[in-house]
Amino acid sequence: AMFADLSLDQKLPALIRMHERAFAELGGVPEEILYDNMKTVVIRTLTEGTDDRGEVRWNQTFLDFAKYWGFTPRLCAPYRPQTKGKVESGVKYIRRNFLSGRQAESLQDLANQLRAWLSDVANARVHGTTRRVVSEALAEEKPHLQPVGLRPPYPLYEEVTRKVSREAYVAFRANLYAAPWQYAGKPVVVRASDDVVRITFEGKELARHLLCAGRHQVLKDEALHAGM
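In what follows, the accompanying structure is described. Keep in mind the model is a prediction, meaning the values are calculated, not measured.

Definitions and limits used
- Residues numbered from 1 in each chain as written.
- Predicted model: local features only at pLDDT ≥ 70, side-chain atom pairs only at ≥ 80, totals over all residues.
- Heavy atoms only, no water.
- 1 Å grid on protein atoms, 1.4 Å probe; cavity = no way out; pocket = protein on both sides within 12 Å on 5 of 7 lines; lining within 4 Å.
- Points joined across faces, edges and corners; volume = space filled by probe spheres on them.
- Helix = DSSP H or I, 4+ residues; strand = E, 2+ residues; numbered from the N terminus.
- Nonpolar A, V, L, I, M, F, W, Y, C, P; charged D, E, K, R; others polar.
- Buried < 20%, exposed > 50% of the residue type's maximum accessible area, 1.4 Å probe, protein only.
- Pairing = 2+ DSSP bridges.

**Some words on the layout of surface pockets**
Empty pockets left among the atoms are what a rolling probe the size of a water molecule brings to light. By volume, the second largest pocket amounts to about 1,000 Å³. Taken together, 28 residues make up the lining of the second largest pocket; nearest its centre are Asp-9, Pro-13, Ala-14, Arg-173 and Leu-211. It is helix 1 (residues 12-26) that provides the largest number of residues to the lining of the second largest pocket, a total of 6 residues. Of the residues assigned to the lining of the second largest pocket, the class counts are 15 nonpolar, 5 polar and 8 charged.

Okay, structure coming up:
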């Protein structure tokens, strides 16, 4: 069975959130997941990414994410078609059957078309190897997957230290976020999750903003600058 989604970057947060959407869409978490040698999963390639004991050097955040959801990550052996081909074949299928010649008015339009294609074509077809309807085979496999349940998304965040400017703003990801003017010149911690930016000083929360998706924006808060 296939799940696919769209992203404007290949960074780890996007990969992690796509995993979680796949778990929800496919109805559970497998015990093992096979990966190509991608930098967001393993620090180096399999041939280079082992320590002195021959163990893979995983990206620690990704490994913690795998433990959180209870699956074991596995790596394809380089140039071994029995495993690497399994990973690549799905990509080729999407490129040739879905993307080739397709037009869309926006990213959201393309995402909607992709979801419809997954339901009506990819997972409704008779699989070339198993000779079974994909969605029917998935229905039989679902009871063997680990349930998603009500578990919240993996707590993913970025944390950096910044100095509050004389104008009482903090720079983060090419945007400016308002901070209390009384802390001008002091170092604060900026912690960003999927949609929220928190500014703290010695553990105390000073300000909270919605994470800005654009660049070169100024996120104002008159209450924080009152009396400046």
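Resuming the write-up.
**So, unusual backbone geometry**
For Arg-131, which is not a glycine, the phi torsion comes out positive at approximately 60°. With respect to the helices and strands, Arg-131 occurs in the loop between helix 4 (107-122) and helix 5 (134-141). Although it is not a glycine, Ala-174 sits at a positive phi angle of roughly 65°. Here Ala-174 lies in the loop between strand 4 (169-172) and strand 5 (175-178).

**Comments concerning the pairing of strand 7 (residues 196-201)**
With 5 of its 6 residues buried, strand 7 lies for the most part within the structure. Pairing of strand 6 (residues 187-192) with strand 7 involves 4 bridges; the strand directions are antiparallel. Note that in strand 7 the partner of Val-190 across the bridge is Ile-199. Linkage of strand 6 to strand 7, two consecutive antiparallel strands, is achieved through a turn of 3 residues. Two strands pair when backbone bridges link them, and strand 7 and strand 8 (residues 204-210) are joined in this way by 6 bridges, in the antiparallel orientation. Directly across from Val-197, in strand 8, lies its bridge partner His-209. Count of turn residues in the strand 7/strand 8 antiparallel hairpin: 2 residues, of which Glu-202 carries a positive phi of about 50°.

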